[in-house]
Amino acid sequence: DAGVIQSPRHEVTEMGQEVTLRCKPISGHNSLFWYRQTMMRGLELLIYFNNNVPIDDSGMPEDRFSAKMPNASFSTLKIQPSEPRDSAVYFCASSFDRGRDEQYFGPGTRLTVT
Amino acid sequence: AQSVTQPDIHITVSEGASLELRCNYSYGATPYLFWYVQSPGQGLQLLLKYFSGDTLVQGIKGFEAEFKRSQSSFNLRKPSVHWSDAAEYFCAVGRNYGGSQGNLIFGKGTKLSVKP
């Protein structure tokens, strides 16, 4: 298996622009997580899907952030409009929805908003 | 609320020396505990996990961790560090959603440097 796939790996955009991050989870996994990593705040969970349904979005910073999972093999995280404080590394992770399985992380998308 | 504390932000050890990275957690029930490693520019890779049973768990790359309920700790150890172990290490506690694994709460991480 190719693991969790994220695209793009790097994104540089100007403040106010829309940014879309993409994630393909490992085939057969039915839980998907979006995290944000910054020096100041460390790793933060943004949103968690189970069977394509958002379960916990309490970590989504504000309405500028939205996430979708239209099917079991694809998810997007959108920021509109983007701000410089959104600059971070965004990770997607997936797992089986069973009690003893770890989360598998993608390589991350490094977002820079100027 | 669940929380994870890694008290050491940065540790430097000599190659061949032993290593212990500390992790303390706060959780109201039996925790699921994990250690992940992150190399520069990479995602997180699981080193080991604890769900139940034997409190000493073995992981990849020669790492082990011991769950001590009385101390709310899950410290990571390695008897002899290699230069390739230089990375950032994250402890995490799993939160249950109806009996299934939910999201993870991560510590702030400990950066490990290895001296030749």
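Residues numbered from 1 in each chain as written. Chains lettered and ligands numbered in written order. Predicted model: local features only at pLDDT ≥ 70, side-chain atom pairs only at ≥ 80, totals over all residues. Heavy atoms only, no water.

Participant: Explanation requested: the nonpolar core in the structure shown.
Facilitator: Note that soluble globular proteins tend to have their nonpolar side chains buried in a common cluster. Counting residues in hydrophobic clusters, the biggest one holds 27 residues, and the most contacted among them are Leu-19, Trp-35, Leu-47, Leu-48, Phe-74, Leu-76 and Tyr-89 of chain B. At the level of secondary structure, the elements contributing two or more residues to this core comprise β2 (10-14), β3 (19-21), β5 (32-38), β6 (44-50), β8 (64-68), β9 (73-78), β10 (87-97) and β12 (110-115) of chain B. By residue number, the principal contributor to this core is β10 of chain B, which donates 4 residues. Val-4, Cys-23, Leu-46 and Met-69 of chain A belong to the second-largest nonpolar core, a separate cluster that totals 21 residues. (Core = buried A, V, L, I, M, F, W, Y, C linked by side-chain atoms within 4.5 Å. Buried < 20%, exposed > 50% of the residue type's maximum accessible area, 1.4 Å probe, protein only. Helix = DSSP H or I, 4+ residues; strand = E, 2+ residues; numbered from the N terminus.)

Participant: Help me understand the pairing of β6 of chain B, please; the structure alone is not making it clear to me.
Facilitator: Looking along a regular strand, one sees side chains alternate from face to face of the sheet. Residues and elements named next belong to chain B. Most of β6 is tucked away: 5 of the 7 residues are buried. Sheet topology places β5 next to β6; 6 bridges connect them, and they run antiparallel. Looking across to β6, one finds that Leu-33 is bridged to Tyr-50. The hairpin formed by β5 and β6 contains 5 residues between the paired strands, and Gly-41 there has a positive phi angle of roughly 75 degrees. (Pairing = 2+ DSSP bridges.)

Participant: Teacher, can you tell me more about the pairing of strand β8 (residues 74-79) of chain A here?
Facilitator: Residue and element names in this part refer to chain A. Where strand β3 (residues 19-24) and β8 come together, 5 bridges link them in antiparallel fashion. Its bridge partner being in β8, Cys-23 is matched across the sheet by Ser-75. Sheet topology note: the strand β7 (residues 65-71)/β8 ladder contains 5 bridges and is antiparallel. Pairing of Phe-65 across the sheet is with Ile-79, part of β8. The turn joining β7 and β8, which pair antiparallel and follow one another in sequence, is formed by 2 residues.

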